[in-house]
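Residue-level structure breakdown
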Amino acid sequence: MLESGIKGRVEKTVERENLASSMGSGLMPVLATPCMVALMEETAWRSVEPYMEEGNGTVGTALNIKHLAATPEGLKVWCESELMEIDGRRLVFDVKVYDNSGIVGEGIHERFIINNEKFAAKAAEKKETNQ
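Now for a description of the structure that goes with this document.

Another aspect to go through is the pattern of salt bridges. Using the criterion set out here, one finds ten salt bridges in the structure. Ionic pairing is found between Glu80 and Arg9, a salt bridge with its closest N-O pair at 3.2 Å. Residue Glu80 is found in strand β3 (residues 76–87), and its partner Arg9 is found in strand β1 (residues 7–13); the two are separated by 71 residues along the sequence. Glu80 sits in the partly exposed class, given a relative accessible area of 31%. Note that Arg90 is salt-bridged to Glu85, the shortest N-O span being 3.2 Å. In this structure, a network of salt bridges that share partners links the residues Arg9, Glu11, Lys76 and Glu80.

To continue, consider the nonpolar core. One finds Leu2, Leu31, Val48, Leu83, Leu91, Phe93 and Val97 to be the most contacted residues of the largest nonpolar core, which totals 24 residues. Put simply, the parts of the chain that give this core at least two residues each are α2 (33–48), β3, β4 (90–99) and β5 (102–115). Here the element with the most residues in this core is α2; it accounts for six residues. In contact with Val48, other than residues within four places in its own chain, are Leu2, Ile6, Thr58, Leu83, Leu91 and Phe93.

In this section: the pairing of β4. The pairing of β3 with β4 spans ten bridges and is classified as antiparallel. For Ser81, the partnering residue across the bridge sits in β4 and is Val95. Pairing between β4 and β5: ten bridges, direction antiparallel. If you follow Val97 over to β5, its bridge partner there is Gly105. Count of turn residues in the β4/β5 antiparallel hairpin: two residues.

On to helix α3 (residues 116–129). Taking 1.5 Å as the rise per residue, α3 with 14 residues should run 20 Å; its terminal C-alpha atoms sit 20 Å apart, in good agreement. Little of α3 is tucked away, with zero of its 14 residues classed as buried.

Procedures and definitions
- Residues numbered from 1 in each chain as written.
- Predicted model: local features only at pLDDT ≥ 70, side-chain atom pairs only at ≥ 80, totals over all residues.
- Heavy atoms only, no water.
- Salt bridge = Lys/Arg side-chain N within 4 Å of Asp/Glu carboxyl O.
- Helix = DSSP H or I, 4+ residues; strand = E, 2+ residues; numbered from the N terminus.
- Buried < 20%, exposed > 50% of the residue type's maximum accessible area, 1.4 Å probe, protein only.
- Core = buried A, V, L, I, M, F, W, Y, C linked by side-chain atoms within 4.5 Å.
- Contact = heavy atoms within 4.5 Å.
- Pairing = 2+ DSSP bridges.
- Expected span 1.5 Å × (residues − 1).

What follows is the structure, encoded as structure tokens:
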């Protein structure tokens, strides 16, 4: 059952393709903010996926984060999420990213519960009408 307090955790090693200098989000060889954001989103959706009704999933709709510290290539980072609020189909998560030196980033992430088939059909329709 989906309820507040559900926690998640995902670990990654910072690789070359995760660096700001590789992604075009900066020149420094450290974890790119877009990669940190992706880790936050992944941790949140994975934490609630087992509680979704058959055919449902979640999509990210909002993110308010701070990237607080640099993490160089080769180090491990991990994200911890906690589902803080459920408001109908809206889910609000507290997300924090760490490396062995401490906190790397933190924020609030919002996701909405969707019907996967309906969502995919709307996206396909949009593609067809915009080609």
